[in-house]
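The primary structure of each chain is shown beneath.
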Amino acid sequence: MPTLTLPRLLVLSVVLRLGLFFHGLHQDATSTLKYTDIDYYVFTDAARSLSQGDSPYARETYRYTPLLAYMLLPSTWEGCFSFGKLLFAVSDIIAGWGIYRILLQTRGVTERQALLYSATCWLLNPMVATISTRGSSEGLLGVMVICMLWAAVSQKTILTGVLLGLATHFKIYPVIYAPAILLSMGGPLTLSSLLSGEFITLKRVMFGVSALGTFVALNLAMYNVYGHEFLHHTYLYHFIRSDHRHNFSPYNMLLYLVSSPSGYSEMPFTKWAFLPQMLLSAVIIPLVGARKDLAGTMFAQTFAFVAFNKVCTSQYFMWYIVLLPFLLPYSSLLRDWKKGLLALGLWIVGQAAWLQQGYELEFLGNSTFFPGLWMASLGFFMVNCWLLGIFVDDVAQSSR
């Protein structure tokens with residue numbers, strides 16, 4: 001059997017994505033069940049609006065920065081509809097290469113381990129390849145986060161800030177990494193250091209100014225062109241959204257009630273559900289682990305953010321899967337293989353139980369919201385909470 005090398009791994013990752021890409025073209029042309037994700041039609045419709053001199057927000061349900069629509073303008077050219085899928089797939093591969101480089105340079109692993117972790121978690125992960133080739137843009141954000149992490153561990157302070165500002169402009173959730181990065185920059189972390197200002201260093205100021213400056217500059221540029229609709233659709237909407245379809249979150253049942261005309265629309269949790277999520281992912285976990293291991297902490301932060309988000313779809317799993325390889329070198333789930341298999345099995349079974357109930361609801365028309373879908377959501381949430389405890393403990397015990 002040929003030895004796995006980086007070039008072979010990259011070739012295999014390209015072959016996997018091309019195979020899925022062409023399979024998707026065939027399925028879209030011959031089957032009523034389309035391979036292409038509905039979000040991709042939203043992206044390309046927004047790009048088409050731009051090409052016609054209109055706003056990307058003329059396309060209903062476009063909730064993203066106009067930069068994404070600009071990037072997909074080639075998809076409006078004749079014969080180039082699938083340009084965005086290829087762009088996302090290439091982004092996936094670049095992110096995978098970045099994972100390998102960070103593992104090899106900073107995690108104290110052998111080349112074989114770096115190849116294995118980057119292959120199994122990302123480059124040869126069929127879930128990752130499928131999501132990108134269906135037209136989800138998560139691969140773009142993945143490569144931004146990996147580049148930002150590389151800059152942070154390489155102590156390229158200004159570049160780290162610029163990449164964080166760019167990633168946060170694309171999707172707001174990377175803002176949770178700012179406290180972890182600041183804490184990872186060393187120096188004293190005591191009440192007296194905070195009160196005396198010792199915590200404020202030149203490096204932290206440079207990072208903060210570059211991150212905030214990039215974020216503000218991009219937003220001002222977009223606001224100058226698209227006004228309030230840019231702010232509403234790209235940011236504000238996500239605080240009040242009440243999506244209940246394809247949603248693994250335990251909030252799923254409540255969101256369904258909010259979306260109904262039955263008098264539940266005033267339930268205030270839709271505006272404040274982010275508070276416990278942000279407290280855990282942006283405050284508690286960084287304080288526990290950022291000064292020990294930035295990469296592992298970022299994984300735990302993202303896992304917590306997704307698990308506690310009021311809207312949670314399988315695409316969001318990509319946000320933390322891209323960071324999973326950095327926890328594996330010291331993961332207790334690998335040291336204790338029985339515990340690891342149990343964790344993986346419960347995570348898969350939790351999703352399968354929800355998907356079975358979702359299939360009953362959305363394809364067979366059976367009302368499974370309660371108790372089936374709700375109980376499945378709670379079960380999956382409890383599995384994620386158990387896993388999160390393991391991940392945070394692993395980071396806290398690390399000496400990286």
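Rules and cut-offs
- Residues numbered from 1 in each chain as written.
- Predicted model: local features only at pLDDT ≥ 70, side-chain atom pairs only at ≥ 80, totals over all residues.
- Heavy atoms only, no water.
- Helix = DSSP H or I, 4+ residues; strand = E, 2+ residues; numbered from the N terminus.
- Contact = heavy atoms within 4.5 Å.
- Areas by Shrake-Rupley, 256 points an atom, 1.4 Å probe, with all protein chains shown as cover.
- UniProt positions renumbered as here; feature names shortened; annotations may be inferred.
- Core = buried A, V, L, I, M, F, W, Y, C linked by side-chain atoms within 4.5 Å.
- Buried < 20%, exposed > 50% of the residue type's maximum accessible area, 1.4 Å probe, protein only.
- Domains from an automatic or database assignment.
- Patch = residues over 30% accessible without salt bridge, like charges linked within 9 Å, V, L, I, M, F, W, Y side chains within 5 Å.
- Salt bridge = Lys/Arg side-chain N within 4 Å of Asp/Glu carboxyl O.
- 1 Å grid on protein atoms, 1.4 Å probe; cavity = no way out; pocket = protein on both sides within 12 Å on 5 of 7 lines; lining within 4 Å.
- Points joined across faces, edges and corners; volume = space filled by probe spheres on them.
- Nonpolar A, V, L, I, M, F, W, Y, C, P; charged D, E, K, R; others polar.
- Axes fitted to C-alpha atoms, helices over the stretch in contact; angles between N-to-C directions.
- Parallel < 35°, antiparallel > 145°, perpendicular 65-115°, else oblique.
- Left-handed = near helix turned anticlockwise from the far one by under 90°.
- Phe/Tyr/Trp six-rings, centres within 6.5 Å; stacked < 30°, edge-to-face > 60°.
- Lys NZ or Arg CZ within 6 Å of the ring centre and 35° of its normal.
- Expected span 1.5 Å × (residues − 1).
- Polar contact = N/O pair within 3.5 Å; in protein donor to acceptor, adjacent residues only side chain to side chain.
- Bend = angle between axes of the 7 residues up to and from the residue.

The next point concerns the overall build of the protein. Within the protein, the secondary structure is distributed over 20 helices and 0 strands. Taking the contacts inside the protein whose residues are at least 6 apart along the sequence as the reference set, 70% of them involve residues at least 24 apart. Of the roughly 18,600 Å² of accessible surface on the protein, a fraction of 68% belongs to carbon and sulfur atoms.

This paragraph deals with the UniProt feature "transmembrane region" (unreviewed entry) in the protein. Taken from the UniProt record, the annotation "transmembrane region" (unreviewed entry) applies to residues 140-166, 172-195, 207-226, 269-287, 317-334, 341-359 and 371-392. Measuring from the first to the last C-alpha atom of residues 317-334 gives 20 Å, for a span that is 44% helix and 0% strand.

Now for the nonpolar core. Counting 103 residues, the largest nonpolar core has Y62, L68, W122, Y177, F317, L323 and F326 as its most contacted members. In terms of residue count, helix α20 (residues 369-397) provides more of this core than any other element does, 11 residues in total. When residues of this core are sorted by domain, at least three fall in each of domain 1 (139-241) and domain 2 (246-399). Not counting residues up to four positions away in its chain, the partners in contact with L323 are V145, I146, L149, Y177, M298, F299 and T302.

With respect to the helices, strands and loops of the structure, S377 is situated in helix α20. In contact with S377, not counting residues within four places along its chain, are N247, F248, S249, P250, N252 and W354.

Our focus in this paragraph is a nonpolar patch on the surface. Residues W150, V153, I158, L159, V162, L202 and M206 make up a contiguous nonpolar surface patch of about 560 Å² in total accessible area. Only α7 (138-153), α8 (157-170) and α11 (202-226) provide two or more residues apiece to the nonpolar patch. Ranked by residue count, the leading element in the nonpolar patch is α8, at 3 residues. Considering the arrangement of structural elements, one finds L159 in helix α8. By relative accessible area, which is 35% here, L159 ends up partly exposed.

This brings us to empty space enclosed by the protein. Under the criterion given, the structure shown has 3 cavities of 30 Å³ or more. In this structure, the largest cavity is lined by Y64, T65, L68, S137, L140, L141, M144, F170 and K171. Of the voids in this model, the second largest cavity is the one considered here, and its volume is about 40 Å³. What lines the second largest cavity is F248, S249, P250, V306, A307, C312, S377, F380, F381 and N384. When contributions to the lining of the second largest cavity are tallied by element, the ones reaching two or more residues are α16 (294-308) and α20. The dominant element in the lining of the second largest cavity, judged by the number of residues it contributes, is α20, at 4 residues. In terms of residue class, the lining of the second largest cavity is made up of 7 nonpolar, 3 polar and no charged.

A pair of packed helices is captured by two measures, namely the crossing angle of their axes and the spacing between those axes. For the pair helix α15 (residues 274-289) and α16, the least separation of the axes is 9 Å and the interaxial angle reads 160°. For the element pair α15 / α16, the angle class is roughly antiparallel. Helix-helix and strand crossings are classified by hand; for α15 and α16 the assignment is right-handed. Here Q277, M278, L280, S281, A282, I285, P286 and G289 of α15 lie close against α16, whose contacting residues are T297, A300, Q301, A304, F305 and F308. Of the residues contributing to the contact of α15 with α16, the split by class is 9 nonpolar, 5 polar and no charged.

Moving on, we get to the packing of aromatic side chains. As enumerated under the stated definition, the model contains 25 aromatic pairs in all. Taking the centre distance of 4.1 Å and the plane angle of 10° together, the rings of Y173 and W319 count as stacked. Pair noted here: Y173 is in the loop between α8 and α9 (177-183) and W319 is in helix α17 (residues 317-321), with a separation of 146 residues, a long-range link. Considering the side-chain rings of F317 and W347, the 5.5 Å spacing of their centres and the 55° angle between planes classify their relative orientation as tilted. Here W347 lies in helix α19 (residues 337-362) and F317 lies in helix α17, a separation of 30 residues in the sequence. Three or more aromatic residues joined by ring pairs form one cluster here, namely Y40, Y41, F43, Y57, Y62, Y64, F81, F88 and Y226. Cation over ring: K85 sits above Y40, and NZ or CZ is 5.6 Å from the ring centre. Residue placement shows R204 over the ring face of F199; its charged tip is 3.8 Å from the ring centre.

Attention now moves to helix α2 (residues 38-51). An ideal rise of 1.5 Å per residue puts 20 Å on 14 residues; α2 measures up with 20 Å between its terminal C-alpha atoms. For α2, the set of buried residues is D39, Y40, V42, F43, T44, A46, A47, S49 and L50. Taken together, the buried residues of α2 touch α3 (66-71), α4 (83-106) and α11. Measuring from the backbone nitrogen of D39 back to the side-chain oxygen at the start of α2 gives 2.7 Å, which picks out D37 as the cap.

This part is about unusual backbone geometry. Even without being a glycine, T61 presents a positive backbone phi close to 75°. Topologically, T61 is positioned in the loop between α2 and α3. Classification of T61 by relative accessible area gives partly exposed; the value is 38%. Positive phi, normally seen in glycine, also occurs at Q155, with a value near 60°.

As a further point, take α15. The first and last C-alpha atoms of α15 sit 22 Å apart over 16 residues, in line with the 22 Å expected at 1.5 Å per residue. Helix geometry: α15 is bent most strongly at L280, by close to 30°. Listing the buried residues of α15 in full gives Q277, L280, S281, A282, I285, P286 and G289.

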